[in-house]
Amino acid sequence: MKTYTGGCHCKAVRYEVEADLAKIIHCNCSHCQMKGLFLDFVEKDKFKLLSGADTLTEYQFNKKEIRHLFCKTCGVQSFSEGVTFPKVAVNVRCLDDIDITKLNLIPYNGKDL
C-alpha cells in the first residue's frame, strides 16, 4: 500500500488515498465508458478528502448504488462513494504522477448489470 494524492482538474477537490493499484477496474457501463474511468475501490477509512467538499455535486443512475461526485467548477469526477457498500471508487486517472500505461487493467462487465 502506498499513499497517493489526487483531485480534480482545477485543484478545488483534493484528497489522499492509501491504495496498492494492483488491479484497476476498467468498467464498460455507460457511465464509465463515456467518462473513461479507471477505478480502484478502497475502504472508506483509506480515503481522506482534503479540500473541496463544498464544490462537489453528485449524480446517481440505475440502481443508485454509487454517489458519482464531481467538481462543480471543472466537471471532473475524481472519486465516487458507495451508497450500498462501504467503499470509495477512486478515478486513478486523477491521481498525481500516475503513468496509466503501467496499470494492470481488469475488464468489468457493468454494461449487463
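Residues numbered from 1 in each chain as written. Predicted model: local features only at pLDDT ≥ 70, side-chain atom pairs only at ≥ 80, totals over all residues. Heavy atoms only, no water.

(A) Here's a closer look at the side chain of Asp 40. Within the secondary structure layout, Asp 40 lies in strand S4 (residues 39-43). Despite its burial, Asp 40 remains without a salt bridge, the nearest opposite charge being carried by Lys 87 at 8.2 Å. (Helix = DSSP H or I, 4+ residues; strand = E, 2+ residues; numbered from the N terminus. Buried < 20%, exposed > 50% of the residue type's maximum accessible area, 1.4 Å probe, protein only. Lys, Arg positive; Asp, Glu negative; His and termini not counted. Salt bridge = Lys/Arg side-chain N within 4 Å of Asp/Glu carboxyl O.)

(B) Layout of the sheet that holds strand S5 (residues 47-51). Spatial strand order, S1-S2-S5: three strands in an open sheet with antiparallel pairing. Each edge of the open sheet carries a strand with a single partner, namely strand S1 (2-7) and S5. Each strand of the sheet is rotated relative to its neighbour by a mean of 25°, with strand direction disregarded. Where strand S2 (residues 14-19) lies against S5, four bridges are found, and the strand directions are antiparallel. Paired with Arg 14 across the bridge in S5 is Ser 51. (Pairing = 2+ DSSP bridges. Axes fitted to C-alpha atoms, helices over the stretch in contact; angles between N-to-C directions.)

(C) A look at the pairing of S1. The sheet contact formed by S1 and S2 spans six bridges and is antiparallel. What sits directly across from Thr 3, in S2, is Glu 18. In sequence, S1 turns back onto S2 through a hairpin of six residues, with Lys 11 there showing a positive phi of about 70°.

(D) The environment of Leu 95, seen in detail. Among the structural elements, Leu 95 can be located in the loop between strand S9 (87-91) and strand S10 (105-108). Judged by its relative accessible area of 6%, Leu 95 is buried. Leu 95 has contacts with Tyr 4, Thr 5, Gly 6, Tyr 15, Val 17, Leu 21 and Val 90, leaving out every residue within four places of it along the chain. (Contact = heavy atoms within 4.5 Å.)

(E) The pattern of salt bridges, seen in detail. This structure, assessed with the given rule, holds five salt bridges. With a closest N to O distance of 2.7 Å, Arg 67 and Glu 58 form a salt bridge. A salt bridge links Arg 67 to Glu 81; the shortest N-O distance between them is 2.4 Å. You can see Arg 67 sitting in strand S7 (residues 66-71) and its partner Glu 81 sitting in strand S8 (residues 79-82), a full 14 residues away along the chain. A residue is classified by how much of its surface remains accessible, and Arg 67, at 27% relative accessible area, is partly exposed.

(F) Fine view of unusual backbone geometry. Notably, Asn 62 is not glycine yet its phi reads approximately 55°, a positive angle. Here Asn 62 lies in the loop between strand S6 (56-59) and S7. Taking the relative accessible area as the measure of exposure, Asn 62 reaches 57% and is therefore exposed. Despite not being glycine, Asp 97 has its phi angle at roughly 60°, a positive value. Tracing the sequence through the fold places Asp 97 in the loop between S9 and S10.

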